[in-house]
Amino acid sequence: MPQLSSRITMLNEGGSDGWEVFYRARALVAAGEPVTELTIGEHDIGTDPAILQAIHDAARGGHTGYAMVPGVSALREAVASRITRRTGVPTTPDNVLITPGGQAALFAAHMAVLTPGDAALYIDPYYATYPGTIRAASGRAVPVATRAADAFLPRGEAIQAAARDTNAKSLLVNTPNNPTGMVYPQETLKEIAQACTDNDLWLISDEVYDTQVWQGAHVSPRSLPGMVDRTLIVGSMSKSHAMTGSRAGWLVGPTEAIDRLIDLATATTYGVPGYIQDGALFALEQGAGLEQQIAEPFRRRRDLALSVIEGQNTVKAIPAQGAMYLMLDIRATGLSGRDFAEALLDDHRIAVMPGESFGKSAAGHVRVALTVADDRLAEALHTLCSFAETKARAHA
Ligand code: PLP
């Protein structure tokens, strides 16, 4: 076989992608073992039957040919008015590109702003695909460290220093955040905007959890002064409407950037299936009620999980304010997140993600996805805490 490109062989820097515990858990499940899977951000419900019916009707109605590459006009309009409503920034369909999910939007955004070799910043801990996405776009992936003591919120000066040291072109942020569940406060957003304007950075703002906020409010950095012309919003139907498998998302940004991104879509995805877009439009038209209904179990389970954690002293929780995860500090056990997660899977058939899978800053932590029924989640967390207590006692 001729050699593969360095771009693709180095996507994960030639090493592991940090998902071994997840794959091992899936292999155990496939072999018939009962495993409580608290790993990936996938709802424990399927897509609403009414949305499936809309997809079915659209397909049966003939929307099965090539769809418009930038997206179906009605969906671009619906996304534009949603973003106008949520950000207060006037947004038109020309500011919107429909993409096959948020992940494709993340890749396209970096393709749009990076010339090969450019440095692209992202906040550590991060959603696991980020560095690979940047490298796939031939960028240099540069993490900006945060501290557990700051609840993993980024500091303006750390972003400023990283931008200066690397002559970075872009910064990728995510609020509400995966894996930490934090919702960036106004002060953090202001510091981010300042770093972008001071260093002439593009801001890629991943807002795929914007309907899952339990405390505070979601503020899009696109709405901050000076940011509208340098921000690309990444959005998705995956989390807000339990449509992970439909692959429907978007990019919102300046029209000049969207025009070039349409060229990129023509050369790569050639758009998103029309019947999926019709289903997404139907879903958005259902309004906030459906979004709240889909988000509610995560709010409830977050409260439940925090109450279990409050009942003991070994494991500490980052007090999640949004999204569908809880980050747990297990450093009292003396174990790395990875060793803890491997041992928990071995001994109790509970699968959680090692913090290290999301970057160096989250070492000694594990991420719990709040994606199983309440009683099962509570039981798994009680087990996790007593397991941690046993390990901590042995370590002391
Ligand atoms: N961004 C974040 C922070 C995520 O957690 C995910 C999925 O888990 C995505 C983007 C990608 O979502 P999708 O491609 O399903 O829209």
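As annotated in an unreviewed UniProt entry, the protein is Aminotransferase from Mameliella alba. According to the UniProt record, the Catalytic activity (unreviewed entry) comment for the protein reads "L-aspartate + 2-oxoglutarate = oxaloacetate + L-glutamate". A UniProt comment under Cofactor (unreviewed entry) is attached to the protein, and it reads "pyridoxal 5'-phosphate".

Turning our eyes to something else, we now look at the domain arrangement of the protein. In terms of domain boundaries, the protein breaks down into domain 1 (6-46 + 289-395) and domain 2 (66-287). Averaged C-alpha coordinates put domain 1 and domain 2 at centres separated by 25 Å. Both sides together, the interface formed by domain 1 and domain 2 hides about 3200 Å², and carbon and sulfur atoms give 55% of it. If you sort the residues of domain 1 by the area they bury against domain 2, E291, Q321 and S361 come out on top, with a joint share of 23%. Across the domain 1-domain 2 interface, the total number found is two salt bridges. Joining domain 1 to domain 2, the criterion identifies 21 residue pairs in polar contact (both at pLDDT 80 or more). Those elements that provide at least two residues to the side of domain 1 that touches domain 2 are α11 (288-310), β10 (325-329) and β12 (365-369). For the side of domain 1 that touches domain 2, the leading source of residues is α11, giving eight residues. Among the residues forming the side of domain 1 that touches domain 2, the class breakdown is 17 nonpolar, eleven polar and nine charged.

Rules used in this analysis
Residues numbered from 1 in each chain as written. Predicted model: local features only at pLDDT ≥ 70, side-chain atom pairs only at ≥ 80, totals over all residues. Heavy atoms only, no water. UniProt positions renumbered as here; feature names shortened; annotations may be inferred. Domains from an automatic or database assignment. Buried area = accessible area lost by both parts, 1.4 Å probe. Salt bridge = Lys/Arg side-chain N within 4 Å of Asp/Glu carboxyl O. Polar contact = N/O pair within 3.5 Å; in protein donor to acceptor, adjacent residues only side chain to side chain. Helix = DSSP H or I, 4+ residues; strand = E, 2+ residues; numbered from the N terminus. Nonpolar A, V, L, I, M, F, W, Y, C, P; charged D, E, K, R; others polar.

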